[in-house]
Amino acid sequence: MSIPKHSPPRFRSINADWFKLDTRVAQKYNTGFLTDADGPIVRGMWVSYVDDEDEEETNNEYFYGLDACSLHCVLEPLLDSGQAPRIRILGVELTTISLIEARHLGLDQTWVSRIRDKSQRQRQMLMISRVNCQSKCSGVLKPLDVLLCVNGDIVTQFSEIDPLVHGSDTLTLTVLQGKKVRDVTVQTDEDSGMDTQRLVHWAGAIVHEPHMAVSQQCRSLPSKTYVSYNTYGSPAYTAGMAPTSFITHVGDVETPDVDAFVTAVRKLNKADGEHVYVRLVGMDMIPEVVSVKLNSHYWPTALLVRDKSEPNGWKRISYS
């Protein structure tokens, strides 16, 4: 199963084996547990995912079953020690292809025979469809690479990858790349689920470093200053500083990251009512320039930093 990309980017389940249930009950309930018929053993979870709105402004909802085995890496450390799990992931999105498609990509007959011997029931292979542009493996792996082995073990199913990746900082992969089979060493990424540690309120816009869902959908990042939201009626909204865009310059000052952006807006020598030019690049890599009318009275600049010592978990630092 493949869940379509979202706009704006948000969490999307990838690299997982799913199954469907051909019953009316399955379509009636959007969440639940799947157990044995004669015992309270959980075999899977029944989950749902919401897609973007269609032309009639209604959300499409997907219902699928998730094998309980894929949750072991999360549940085991919680049950054993009560500690948050240390989850490692390979920063790529995979899709399945047939052996015939792999042959067209240059896989030789020797490897085809090894795949057939390994998987008698479901003969398929895993191909990289997208690489996370902020992943540590982005300079090594490429789209259309076919994954053959992980640490010497042949893999043909999503469920076979998780036990090999979780807890490993480095992996040795055998891939079909450019019609040649080669071994590459890649580093995995830690997925804490807490991508956003800081965010900036400026002129009614919310700016922060791109979270994982953004880097999964971009081939490259114009900057690490990402606009995720603008408040209706704010200077950012009026100027057209659209969400899912990247700020590359404030005036003539380059803003490659959030620190540079905060420094640039704090050093603006402009009074309320004056305009500042902001250069943006969208996710389609099309640049534009907008003119933002400053109004620090109603739309002040503030930095929010995640802080566990604060009552609500965030510390607010006001600049104007």
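Right, let's walk through the structure included here. Just so you know, these numbers come straight off a predicted model, no measurement behind them.

As for the pattern of salt bridges
Inspection of every chain in the model, using the stated rule, returns 7 salt bridges. Arg43 is paired through a salt bridge with Asp36; the nearest N and O atoms lie 2.9 Å apart. A relative accessible area of 22% places Asp36 in the partly exposed class. Among the charged side chains, a salt-bridge network with shared partners connects Arg88, Asp169 and Glu190.

A short note on the environment of Gln124
Tracing the chain through its elements places Gln124 in the loop between helix H4 (109–118) and strand E7 (125–131). Of the residues examined, Gln124 reaches a relative accessible area of 10% and is grouped as buried. Separated by 23 residues in sequence, Gln124 and Glu101 place their C-alpha atoms 9.5 Å apart. Residues contacting Gln124, with those up to four places away along its chain left out, are Thr96, Ile97, Ile115, Thr156 and Gln157.

So, unusual backbone geometry
With a phi close to 55°, Asn15 is a non-glycine residue in the positive phi region. Relative to the helices and strands, Asn15 resides in the segment before strand E1 (18–19). Here the phi dihedral of Ala203 falls at roughly 55°; this positive angle occurs in a residue that is not glycine. Structurally, Ala203 is set in the loop between strand E13 (198–202) and strand E14 (205–208). Residue Ala203 is classed as buried on the basis of its relative accessible area, which comes to 5%.

Section: the nonpolar core
One broad rule of soluble globular proteins: the nonpolar side chains tend to lie buried together. Formed by 22 residues in total, the largest nonpolar core has its most connected members in Val200, Trp202, Met241, Ile247, Phe261, Val278 and Val292. Those elements giving two or more residues to this core turn out to be E13, E14, strand E16 (245–250), helix H8 (258–266), strand E18 (275–282) and strand E19 (287–293). Residue contributions to this core peak at 5 residues, all from H8. For Phe261, the contacting residues outside a window of four places in its chain are Val200, Trp202, Val207, Thr225, Ile247, Val250 and Thr255. The next biggest cluster of nonpolar side chains, apart from the first, holds 20 residues, and it includes Ile128, Leu164, Val165 and Val175.

Digging into the pairing of E16
Among the 6 residues in E16, 6 count as buried, and that is most of the element. As paired strands, E16 and E18 are joined by 5 bridges and run antiparallel to one another. Its bridge partner lying in E18, Ser245 is registered against Gly282. Both E16 and strand E17 (residues 253–254) contribute to a ladder of 2 bridges, which runs antiparallel. If you follow His249 over to E17, its bridge partner there is Glu254. Here E16 hands over to E17 after 2 residues, with Gly251 in that stretch at a positive phi of 65°.

Rules of the game
- Residues numbered from 1 in each chain as written.
- Predicted model: local features only at pLDDT ≥ 70, side-chain atom pairs only at ≥ 80, totals over all residues.
- Heavy atoms only, no water.
- Salt bridge = Lys/Arg side-chain N within 4 Å of Asp/Glu carboxyl O.
- Buried < 20%, exposed > 50% of the residue type's maximum accessible area, 1.4 Å probe, protein only.
- Helix = DSSP H or I, 4+ residues; strand = E, 2+ residues; numbered from the N terminus.
- Contact = heavy atoms within 4.5 Å.
- Core = buried A, V, L, I, M, F, W, Y, C linked by side-chain atoms within 4.5 Å.
- Pairing = 2+ DSSP bridges.

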